[in-house]
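Spelled out, the chains give:
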Amino acid sequence: MANATQHATEPPTGAREREMLAMWNKAKAMAEQAPPERNRWVDFLRAFSILAVVIGHWLVAAPYIDGSGEVVGGHLLGIISWTQWLTWGFQVMPIFFLVGGYSNGVSWSAQLRDERPYSEWFASRIQRLINPVFPVLLAWALFAFFGTQAGVDREVAKLATSLALIPVWFLAVYLLVTALVPFSYAAWRKIGFWSFAWLAACAILVDILTLFYGVPYVNFLNFIFVWVGIHQLGYAWRDGRMNGGGKAFLWFAGGLVTLGLLVWFGPYPVAMIGVPGAEITNSMPPTIALFALGVMQAGLVLGLEGAGRQMLENLRVWTATVLLNGMIMSVYLWHLTAFVLVMVAAWLAGGIGLRVEPGSAEWWLARPVWFALYIVVLLPLVTIFSRWERGFGPARDGRPVPHWRLVTGLLMICTGLAMTAAISIASPEGVTGVRLWVVALPFVGAALAGFGPVYGWFKTRKSAEA
């Protein structure tokens, strides 16, 4: 017993271990202070959904060196068709929007109760979501600039930058959905599930116009109709309208049957994410098939809520959940950077591990080793940059932000993030090798909303001049 006590109180041997222990202890203290009425299943699902996306990205990206010695950016879903069925489990962004609806319903109803302004509520939401983006965006902008000056092939720089920054598209969509909370919540309070039904009908109409009449660009509206529709189910969950095993099972079964019919008889592919060379994608923009998947997943996780909340009564499990939630956006934003760094290291080491054919038995057996390498590289990145998620950097001064600034800032941030994912911040032309306007948009937009590095610099300079 004495040895066990001594071992438990021994200080960690290194700075990294001490920092990790401090983070665990802080998370444990927060876990112990959580009010009993808090729905811990919401926090668990938030972390689970992001981790599932991380694992899915690490799995489907399958670069390899072909017979000519060239690196080929393989995609597992395009190489092995049966793996497309796995996306029904790994495409869990609907769960994140479901959780977002629950959380936004709690916070916005409290905002209404306390009669606090919308600008205060939404500005804080923007800051929490976008603050962790600044360091990863800046890091890859610097890579594109200095890499170009050092003679790195521009196509290589663009490929690496585009791959590492894929995750930012999701934040642009989620910010837009969050901006609409006053309207979506009011619709839920007034007409309940009809607000969900109308959004589903709009999504169906968009798919008909796109797939059967070839109307261009209208499918982008489904970024709103599909994701706000799933978000509405979060309100229903909070109000107890979907709870209970029987209700949840009906939603699960309804979503599963609908999705099966759409895939079997309709034009929709099996894969719930984009597959190279496919004519139709279910995710970019989302289709009614992805909507059905979201309904199915909502029913499943709500059916498991009772068992899940009981599991989270265990302090260790709950502490791990709290710890993950404190850094989950950093994990999401940096996980493909870790992937790129490991791939580059393998290529520089003579292509070690990259000469295995994706999908072969040897390739599958090597996945645990590659995953371990990704985690080893990701952990220090998260340790360093998760402080931005916990409020590091210039803070808002608490003053209300005019609505015109908030809206303009939101549009600039979303445009910058969307362009980052769509066309990359790395430029194939020009002296700098960087699309400076794409990089600048989120920083300037955040400054208009009253936070971020540019705002902090301006505020510091203004104070110095005073």
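Residues numbered from 1 in each chain as written. Predicted model: local features only at pLDDT ≥ 70, side-chain atom pairs only at ≥ 80, totals over all residues. Heavy atoms only, no water.

Asks: Please explain the overall build of the chain as it appears in this structure.
Replies: Summing up its helical and strand segments, the chain has 22 helices and two strands in all. On C-alpha atoms alone, the chain measures out to a radius of gyration of 23 Å, which is about the 23 Å that the 2.2 N^0.38 rule sets for 466 residues. Principal-axis analysis of the C-alpha atoms places the extent of the chain at approximately 60 × 60 × 60 Å. Counting the 466 residues in the chain, one finds 48% classified as buried. Taking contacts inside the chain between residues at least 6 apart in sequence as the whole, the part at least 24 apart equals 79%. Between the averaged position of the 31 positive side-chain charges in the chain and that of its 24 negative side-chain charges there is a distance of 9 Å. (Helix = DSSP H or I, 4+ residues; strand = E, 2+ residues; numbered from the N terminus. Rg over C-alpha atoms; globule rule 2.2 N^0.38 Å. Buried < 20%, exposed > 50% of the residue type's maximum accessible area, 1.4 Å probe, protein only. Contact = heavy atoms within 4.5 Å. Lys, Arg positive; Asp, Glu negative; His and termini not counted. Charge placed at Lys NZ, Arg CZ, Asp CG, Glu CD.)

Asks: Got a minute to help me understand the packing of aromatic side chains in this structure?
Replies: The way to describe two aromatic rings as a pair is by their centre distance and the angle between their planes. In this structure the tally under the stated criterion is 34 aromatic pairs. An aromatic cluster is present here, built from F96, F97, W169, F170, Y174, W227 and Y332 joined pairwise through their rings. The ring of W363 carries the charged tip of R367 above its face, separated from the ring centre by 3.9 Å. (Phe/Tyr/Trp six-rings, centres within 6.5 Å; stacked < 30°, edge-to-face > 60°. Lys NZ or Arg CZ within 6 Å of the ring centre and 35° of its normal.)

Asks: Whenever I open this one, unusual backbone geometry confuses me. Can you help?
Replies: Trans peptide bonds make up most of the peptide bonds, and negative phi angles are found at most residues other than glycine. Here the amide bond leading from M284 into P285 is cis, since omega sits at -5°, within 30 degrees of zero. For P285, the position within the fold is in the loop between α14 (245–265) and α15 (288–303). Despite not being glycine, Y217 has its phi angle at roughly 70°, a positive value. One non-glycine residue, S424, lies in the positive phi region at around 80°. Along the chain, S424 falls in the loop between α20 (403–423) and α21 (436–448). Owing to a relative accessible area of 1%, S424 belongs among the buried residues under this scheme.

Asks: Looking at this model, I keep getting lost on a nonpolar patch on the surface. Mind explaining?
Replies: Side chains of I55, W82, W85, L86 and F90 sit close together on the surface and give an oily, nonpolar patch of about 490 Å² of accessible area. Among the structural elements, I55 can be located in helix α3 (residues 40–60). Among the residues examined, I55 registers a relative accessible area of 36% and is labelled partly exposed. (Patch = residues over 30% accessible without salt bridge, like charges linked within 9 Å, V, L, I, M, F, W, Y side chains within 5 Å. Areas by Shrake-Rupley, 256 points an atom, 1.4 Å probe, with all protein chains shown as cover. Salt bridge = Lys/Arg side-chain N within 4 Å of Asp/Glu carboxyl O.)

Asks: When you look at the nonpolar core in this model, what are you seeing that I'm missing?
Replies: Note that soluble globular proteins tend to have their nonpolar side chains buried in a common cluster. Core analysis: the largest hydrophobic core is formed by 140 residues, its most contacted members being I130, F170, W227, W237 and F291. Sort the elements by how many residues they give to this core and helix α18 (residues 328–348) lands first, with 13 residues. Excluding residues that lie within four positions of it along the chain, W227 makes contacts with M93, P94, F97, V173, V177, N222, P286 and L290. (Core = buried A, V, L, I, M, F, W, Y, C linked by side-chain atoms within 4.5 Å.)

Asks: Can you help me understand the side chain of Q232 in this one?
Replies: For Q232, the position within the fold is in helix α13 (residues 222–238). When near neighbours in sequence (up to four residues on either side) are disregarded, Q232 contacts S184, W188, S195, F196 and L199.

Asks: What is the right way to look at the packing of helix α11 (residues 181–191) against helix α12 (residues 193–211) in this model?
Replies: Two quantities define a packed helix pair, namely the angle between the helix axes and the distance between the axes. Running from N to C, α11 and α12 point in directions that differ by 120°, and their axes come no closer than 6 Å. Taken together, the axes of α11 and α12 are oblique relative to one another. Residue-level inspection shows A187, W188 and I191 of α11 in contact with α12, the latter providing F193, W194, S195 and W198. For the contact of α11 with α12, the class distribution of residues is six nonpolar, one polar and no charged. (Axes fitted to C-alpha atoms, helices over the stretch in contact; angles between N-to-C directions. Parallel < 35°, antiparallel > 145°, perpendicular 65-115°, else oblique. Nonpolar A, V, L, I, M, F, W, Y, C, P; charged D, E, K, R; others polar.)

Asks: Can you walk me through α15 in this structure?
Replies: Residue pairs spaced three or four apart in an α-helix point in one direction, given the helix's 3.6 residues per turn. Given a rise of 1.5 Å per residue, 16 residues ought to cover 22 Å, and the 23 Å separating the end C-alpha atoms of α15 matches this to within 8%. Across the 16 residues that make up α15, a large majority, 14, are buried. (Expected span 1.5 Å × (residues − 1).)

Asks: Explain the environment of I352 to me, please; I cannot follow it from the model alone.
Replies: Its location among the elements puts I352 in the loop between α18 and α19 (361–385). Given a relative accessible area of 57%, I352 falls into the exposed group. Sequence spacing of I352 and Y64 is 288 residues, and the spatial spacing of their C-alpha atoms is 10.0 Å. Contacts of I352, omitting those with residues within four sequence positions, involve A346 and W370.

Asks: Just to check I follow, could you spell out the side chain of S386 for this structure?
Replies: By secondary structure assignment, the location of S386 is in the loop between α19 and α20. Within the structure, S386 has its side chain in polar contact with the backbone oxygen of V382 (distance 2.8 Å). Here S386 is in contact with M23, G326, M327 and S330, once residues within four sequence places are set aside. (Polar contact = N/O pair within 3.5 Å; in protein donor to acceptor, adjacent residues only side chain to side chain.)

Asks: Explain the environment of W347 to me, please; I cannot follow it from the model alone.
Replies: Tracing the sequence through the fold places W347 in helix α18. Remark: the alpha-carbon pair of W347 and I65, spanning 282 residues in sequence, is separated by 9.0 Å. With residues near it in sequence (within four places) discarded, W347 still touches V71 and L354.

Asks: Just checking my understanding: could you explain the confidence of the model for the chain for this structure?
Replies: In low-pLDDT regions, the fine details of the predicted coordinates are not to be read closely. A residue-level look at the chain finds 91% of positions with pLDDT of 70 or above and a mean pLDDT of 86. When the criterion is pLDDT under 50, residues 1–12 qualifies, and its contacts beyond four places in sequence or with other chains add up to three contacts. (pLDDT = per-residue confidence, 0-100.)

Asks: Even after reading the chapter, I still don't get the pattern of salt bridges, so can you show me in this structure?
Replies: Applying the stated criterion to the full structure yields eight salt bridges. Close ionic contact of R38 with D43 constitutes a salt bridge, the shortest N to O distance being 2.8 Å. The class of R38 is partly exposed, set by a relative accessible area of 40%. Look at D43 and you get buried, because its relative accessible area is 7%. A salt bridge links R113 to D114; its shortest N-O distance comes to 3.8 Å. Of the residues examined, R113 reaches a relative accessible area of 60% and is grouped as exposed. Because the salt bridges share partners, they merge into one network encompassing R113, D114, R116 and E120.

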